[in-house]
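# Architecture at a glance
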Amino acid sequence: MILDKIDELLKEVQNLSAKNAEEVEQLRLKYLSKKGEITALMNDFREVAADQKKTVGMKINELKTLATERINQLREECETQEGGEEALDLTRTPYPIELGTRHPLTIVTNEIIDIFSRMGFVLADGPEVEDDNHIFTKMNFAADHPARDMQDTFFVSQHPNDVTKNILLRSHTSSVQARVMEHMHDENGKLTAPIRVICPGRVYRNEAITARAHCFFHQVEGLYIDKNVSFTDLKQVLLSFAKEMFGADTKIRLRPSYFPFTEPSAEMDISCFICGGEGCGFCKHTGWVEILGCGMVDPNVLELCGIDSKEYTGYAFGMGVERITNLKYRVSDLRMFSENDTRFLEEFESAN
Ligand SMILES: [Zn+2]
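Quick caveat, the model's predicted, so the values are computed rather than measured. (Residues numbered from 1 in each chain as written. Predicted model: local features only at pLDDT ≥ 70, side-chain atom pairs only at ≥ 80, totals over all residues.)

## Digging into the nonpolar core
Counting residues in each nonpolar core, the largest one holds 52 residues, and the members touching the most others are Ile225, Leu238, Cys294 and Tyr315. When neighbours within four sequence positions are excluded, Cys294 is seen to be in contact with Leu234, Leu238, Ala266, Met268, Tyr315, Ala316 and Phe317. Core analysis: the next-biggest nonpolar cluster, separate from the first, contains eleven residues, Leu9, Tyr31, Ile38 and Ala67 among them. (Core = buried A, V, L, I, M, F, W, Y, C linked by C-beta atoms within 7 Å. Buried ≥ 20, exposed ≤ 12 C-beta atoms within 10 Å, placed from the backbone. Contact = placed C-beta atoms within 7 Å.)

## Observations regarding the packing of helix H5 (residues 104-118) against helix H10 (residues 321-329)
One way to put it is that H5 packs onto H10 with a least axis distance of 9 Å and a crossing angle of 100°. By the angle between their axes, H5 is roughly perpendicular relative to H10. Contact with H5, carried on its side by Pro104, Leu105, Val108 and Thr109, involves Val321, Glu322, Ile324, Thr325, Lys328 and Tyr329 of H10 and no other residues of that element. Considering only residue class, the contact of H5 with H10 consists of six nonpolar, two polar and two charged. (Axes fitted to C-alpha atoms, helices over the stretch in contact; angles between N-to-C directions. Helix = DSSP H or I, 4+ residues; strand = E, 2+ residues; numbered from the N terminus. Parallel < 35°, antiparallel > 145°, perpendicular 65-115°, else oblique. Nonpolar A, V, L, I, M, F, W, Y, C, P; charged D, E, K, R; others polar.)

## A word on the sheet that holds strand E5 (residues 195-204)
Within a beta sheet, neighbouring strands are joined by backbone hydrogen bonds and run either parallel or antiparallel to one another. Taken in spatial order, the seven strands of this open sheet run E1-E5-E6-E10-E9-E8-E7, and their pairing is mixed. Of all the strands in the sheet, the pair left with one neighbour each is strand E1 (122-123) and strand E7 (252-259). Bridge count for E7 against strand E8 (residues 262-271) is seven bridges, and the pairing is antiparallel. The partner of Ser257 across the bridge, within E8, is Ser265. Strand contacts of helix H8 (residues 231-246): E7, E8, strand E9 (288-297) and strand E10 (313-320), with the helix running at about 125° to E7, the strand carrying the most contacts. H10 rests against strand E6 (216-226), E9 and E10 of the sheet, and its axis sits at about 60° to E10. (Pairing = 2+ DSSP bridges.)

## Topic: the pairing of E9
Bridge analysis of E8 against E9 gives eight bridges, and the strand direction is antiparallel. Considered in E9, the bridge of Ser265 is made with Gly295. With four bridges joining them, E9 and E10 adopt antiparallel strand pairing. In the strand pairing of E10, Gly295 is matched with Ala316.

## Details of the packing of H5 against H8
Two numbers describe how H5 lies on H8: the axes approach to 10 Å, and their chain directions differ by 135°. By the angle between their axes, H5 is oblique relative to H8. Considering only the axes of H5 and H8, their crossing is right-handed. On H8, the residues that touch Glu111, Ile115 and Phe116 of H5 are Phe241, Glu244 and Met245. Taken together, the residues of the contact of H5 with H8 sort by class into four nonpolar, no polar and two charged. (Left-handed = near helix turned anticlockwise from the far one by under 90°.)

## Quick notes on the environment of Pro200
Assignment of secondary structure puts Pro200 in strand E5. Pro200 sits in the buried class, given 21 other C-beta atoms within 10 Å. In this structure, the C-alpha to C-alpha distance between Pro200 and Phe116, residues 84 residues apart in sequence, is 11 Å. Residue contacts for Pro200: discarding those within four places in its chain leaves Thr109, Ile113 and Val220.

## Notes on the domain arrangement of the chain
Domain parsing of the chain yields domain 1 (2-87) and domain 2 (104-351). Computed from C-alpha coordinates alone, the two centres of domain 1 and domain 2 are separated by 72 Å. (Domains from an automatic or database assignment.)

## Some points on H8
Helix length check: H8 (16 residues) gives 22 Å between terminal C-alpha atoms against 22 Å at 1.5 Å per residue, within 8%. Listed in full, the buried residues belonging to H8 are Leu234, Val237, Leu238, Phe241, Ala242, Met245 and Phe246. The buried residues of H8 all sit within an arc of 135° when viewed along its axis, so they share a single face. Within H8, the exposed residues directed more than 90 degrees away from the buried face are Thr232 and Gln236. Trailing H8 by a residue or two, Gly247 shows a phi angle of about 120°, which is positive. (Expected span 1.5 Å × (residues − 1). Arc of directions from axis to C-beta.)

Written out as structure tokens, the structure reads:
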């Protein structure tokens, strides 16, 4: 008796059809819901004689599987039909939508900006195609300085008889500092101090591309000008930065150096955060790693940008973002930053 009923239902289920999602839902209710045909069979199953239970049980399972598969199949068919017109929307973002990751240089640049912002520095920006005046002349470079040579710099237009008329791809972001110093004057030409800016950006040098050098890279420079700014202020700001960026135990040391736009000038090392200053392969067994250049703004630079060097002093610093990123994430090959290899970029998914 119950077996006849099951066979009847099996035939019904094999031939199920539906025109829309609503009809599919009706079929689901009829066969698979708690009040449906199959649940009713389960209840009848209790009455089945013991020697028949195995055969009947297998048949009910067969029916249940078939009904579930058939109804799911009908549901998919209806969804495809109903979604048909939307599927033709060629402007829609293709599925699955893959979330991108931030580029490691962006992560590190943002981190540097964030640290200096909290110390009162504001962002400043400037053009990447720049004139000689802002890149070299106002930064106190001599007319015959090697940076003005073809071998080091990409020129857009060159004037051999008057280098100050050259147009070039900026070789450092100091040009932004020159522009800020020029503009920070009121209508009477008086400086609106203090100037406290941070200038991130891409710079270009005529270098052969290798694991350790590239024809473009990124810098973050900082500039602070006010009355009574001293070298001690510079050192304290850089120490705070190093501790925030590389950890509270980080120590710094300054070594005398030379830049045309600062006097005195220094290069700053941090204690190697891999060996803690003990000495390892990474820090070439010195316990120190170089991270930036800095110094007091040369009075010539202040005067060239319209600032009275007897009234105001200032400091400036600059660092390579690739260098800091290499230190933080130990990227051994500079070229990986611009190859767009997603296997490399996805490594930084959790870094941000
Ligand atoms: Zn080390």
